[in-house]
Amino acid sequence: MIERCLGARRARQIHKAMRHFKVTILCLVMTIVVLRGTIGAGKFGTPEQDFVEIRDHFYPRKRAELHRVLEEVETTSSSSSELNNYATFDLNKLLVDEEADSEKPDPNKPYSLGPKISDWDEQRSKWLKQNPNFSNFIGPNKPRVLLVTGSSPKPCENPVGDHYLLKSIKNKIDYCRLHGIEIFYNMALLDAEMAGFWAKLPLIRKLLLSHPEVEFLWWMDSDAMFTDMAFELPWERYKDYNFVMHGWNEMVYDQKNWIGLNTGSFLLRNCQWSLDILDAWAPMGPKGKIRTEAGKILTRELKDRPVFEADDQSAMVYILATQRDKWGSKVYLESAYYLHGYWGILVDRYEEMIENYHPGFGDHRWPLVTHFVGCKPCGKFGDYPVERCLKQMDRAFNFGDNQVLQIYGFTHKSLGSRRVKRTRNDTNNPLEVKDELGLIHPAFKAMKVSSS
């Protein structure tokens, strides 16, 4: 029948294919039977379960490989997340200092800030004449001033300390920008022997000698903030003086009181006299036995001083009280305004000041500087409760910052708030807007004197 329809040749091909198909089916059946006996398939009793068992037998390596890859991805993701987490990173891995210098200072050799210089006034005068574009005065009775402050090269010892250092330097930058003052922020310990209170002395000397164009160097501690942005220092008052500190003559010269002056904020003229007093000031500073023994002398000689190692402030009181004839005539102890204002007697009165006075006085009515002595915001422990210190530092910052923000039409919602609010609406004539304090273009801001 097939031969008649398809032809003899085509029929033979079909019969041959059918035979091959039967053989193939038979081989397949035999293979399954052998596998069932070899690997135990069939023990579940259903074809579907037999198939699963065969598949698992042939592909165990692929399943294991997939499982391993997934585990590696999960582990890598977890490890990467941990490596990217600042909160869990151990900062000590970065804060590994190099070995200390093997060369130790000779304890029998008197300490010195550097080579003795005796003709600085002549050297500086010559340099200023040779460089007329770098005048030491940038306006009538307006000296070129360099404000210097700084902090440790290491992060603070508490989580929030660096944030308050940032606020402090922002505050100083604002005041300097408004008053045409240059600023230098230091994070390097220039002399390991003069650590702590004394680190400022080598830095000050280096800056005086490196910047002959600077007439006055203004040192300010990192824990002090400007709180009167409108107050301009009375520079004319200091024309005959080289060293200006907040203090009282009676307390220093008569009582020898160790807090009769403050060295957290002072002005030092760039001259030979200043180099000389730095040389007289420094010998009590080297750490170790010298500083400890000097501390005993200062405690014995100065009124009400506690027992602790020599500090720069006590040393200056001692020098002035015992050598007034040598140094006193060029030292101005300022008490008419707060070149240094102790925070404990000021911060709780800010609201009263706002209600009754305005910026520009610099004194008890509106202090130029609020100094957080004893708070030590960068350390582990302070002399006052941490909450009170940080809260009042925020208030002092905002008190000063409001005077800057008002220029642009904003103010903090309160002295304790980080948020701000508008104090006036924007206008299409912005150049006609005058800020209340006249700080956008104040009369006291630096103006370069024409060389002609």
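For the structure itself, consult the block above.
What you see as residue numbers is a count from 1 along each chain, following the sequence as written. It should be noted that, the model being predicted, local features are given only for residues of pLDDT at least 70 and side-chain atom pairs only at 80 or more, the latter also being counted only at that level, while totals for whole chains, interfaces and linings use all residues. In computing side-chain values, all of the structure's heavy atoms are included and hydrogens and water are not.

Caption draft 1: How the structure looks around the overall build of the protein chain. Tallying secondary structure elements over the protein chain gives 14 helices and twelve strands in all. Exposed residues in this analysis have more than 50% of their type's maximum accessible area, buried residues have under 20%, and partly exposed residues fall in between, with area computed by a 1.4 Å probe over protein chains only. The burial tally for the protein chain puts 39% of its 452 residues in the buried class. In the protein chain, of all internal contacts separated by at least 6 residues, the share reaching a separation of at least 24 is 71%. Surface exposure of the protein chain reaches about 27,400 Å², of which carbon and sulfur atoms provide 56%. Secondary structure elements follow DSSP: runs of H or I of four or more residues count as helices, runs of E of two or more count as strands, with numbering from the N terminus. Here, residues are in contact when the closest pair of their heavy atoms is within 4.5 Å. Note on areas: these come from Shrake-Rupley sampling with a 1.4 Å probe, and a residue is covered only by the protein chains present in the view.

Caption draft 2: Seen up close, the pattern of salt bridges. Every case where a carboxyl oxygen of Asp or Glu lies within 4 Å of a side-chain nitrogen of Lys or Arg is listed as a salt bridge. What the rule picks out here adds up to 23 salt bridges. Ionic pairing is found between K167 and D394, a salt bridge with its closest N-O pair at 2.6 Å. Separated by 227 residues along the polypeptide, K167 in helix α6 (residues 161-179) and D394 in helix α14 (residues 386-405) bring together distant segments of the chain. K167 sits in the buried class, given a relative accessible area of 11%. Here R395 makes a salt bridge to E351, at a shortest N to O gap of 2.7 Å. Here E351 lies in helix α13 (residues 350-356) and R395 lies in helix α14, a separation of 44 residues in the sequence. Residue E351 is classed as partly exposed on the basis of its relative accessible area, which comes to 39%.

Caption draft 3: The pairing of strand β3 (residues 145-150), seen in detail. Of all the six residues making up β3, six are buried; the element is thus mostly covered by neighbouring parts of the structure. Every second residue of β3 is oriented toward a common face, with V145, L147 and T149 on one face and L146, V148 and G150 on the other, all of them buried. Pairs of strands are assigned from DSSP output, requiring at least two bridges between the strands. Note that β3 and strand β5 (residues 216-220) share four bridges and pair parallel. When the sheet's bridge partners are listed, V148 is paired in β5 with W219. Looking at chain direction, β3 and strand β4 (residues 182-186) are connected through five bridges and run parallel. Considered in β4, the bridge of G150 is made with N186.

Caption draft 4: Spotlight on the sheet that holds β4. The six strands lie next to each other as β4-β3-β5-β8-β7-β9, forming an open sheet whose pairing is mixed. Whereas interior strands pair on both sides, the edge strands pair on one side only; in this sheet they are β4 and β9 (331-334). When the angles between neighbouring strand axes are averaged without regard to direction, this sheet yields 25°. Pairing geometry for strand β7 (residues 243-247) and β9, over four bridges, is parallel. Across the sheet, residue H246 finds its bridge partner in β9, namely E334. Contacts between α6 and the sheet are confined to β3, β4 and β5, with β4 contributing the most and set at about 160° to the helix. The strands touched by helix α9 (residues 272-281) within the sheet are β7, β8 (261-269) and β9, with β8 carrying the most contacts at an inclination of about 145°. Lines fitted to C-alpha atoms define the axes, with helix axes restricted to the stretch in contact, and inter-axis angles between N-to-C directions lie between 0 and 180 degrees.

Caption draft 5: Quick peek at helix α5 (residues 120-130). All buried positions along α5 are accounted for by W120, R124 and L128. Down the axis of α5, the buried side of the element spans an arc of 60°, and every buried residue falls inside it. Seen from the open side of α5, the exposed residues pointing more than 90 degrees away from its buried face are E122, K126, K129 and Q130. Buried residues along α5 sit against α7 (200-210) and α9. Arc definition: it is the arc formed by the directions from the helix axis to the C-beta atoms.

Caption draft 6: Looking closely at the packing of helix α10 (residues 289-301) against helix α11 (residues 312-322). Viewed as axis vectors pointing N to C, α10 and α11 meet at an angle of 60°, and their least axial separation amounts to 10 Å. Our classification of the angle between α10 and α11 gives oblique. The two elements α10 and α11 cross, and the hand of that crossing is left-handed. The residues of α11 that touch α10, namely those facing I297, L298 and E301, are S314, A315 and Y318. Residue polarity is assigned by list, with Asp, Glu, Lys and Arg as charged and Ala, Val, Leu, Ile, Met, Phe, Trp, Tyr, Cys and Pro as nonpolar; anything else, Gly included, falls into the polar class. Here the contact of α10 with α11 is built from residues that sort into four nonpolar, one polar and one charged. Comment on the angle field: the value is read as roughly parallel under 35 degrees, roughly antiparallel over 145, roughly perpendicular from 65 to 115, and oblique elsewhere. The hand of a helix crossing depends on one turn: near helix anticlockwise from the far one by less than a right angle means left-handed, and clockwise means right-handed.

Caption draft 7: Inspection of a positive patch on the surface at higher detail. Distance thresholds for patches are 9 Å for like charges and 5 Å for nonpolar side chains (Val, Leu, Ile, Met, Phe, Trp, Tyr), applied to residues having over 30% relative accessible area and no salt bridge. When charges are counted, neither His nor the chain ends are considered; positive counts come from Lys and Arg and negative counts from Asp and Glu. To locate a charge, the coordinates of NZ of Lys, CZ of Arg, CG of Asp or CD of Glu are taken. Taken together, the side chains of K413, R418, R419 and K421 make up a positively charged region of the molecular surface. Following the sequence through the fold, K421 ends up in strand β12 (residues 420-422).

Caption draft 8: Structural detail: the pairing of β5. Of all five residues in β5, five are buried; the element is thus mostly enclosed. With burial as the criterion, each face of β5 is covered, one bearing F216, W218 and M220 and the other bearing L217 and W219. In this structure, β5 lies alongside β8, joined through five bridges in antiparallel fashion. Across the sheet, M220 pairs through a bridge with S265, a residue of β8.

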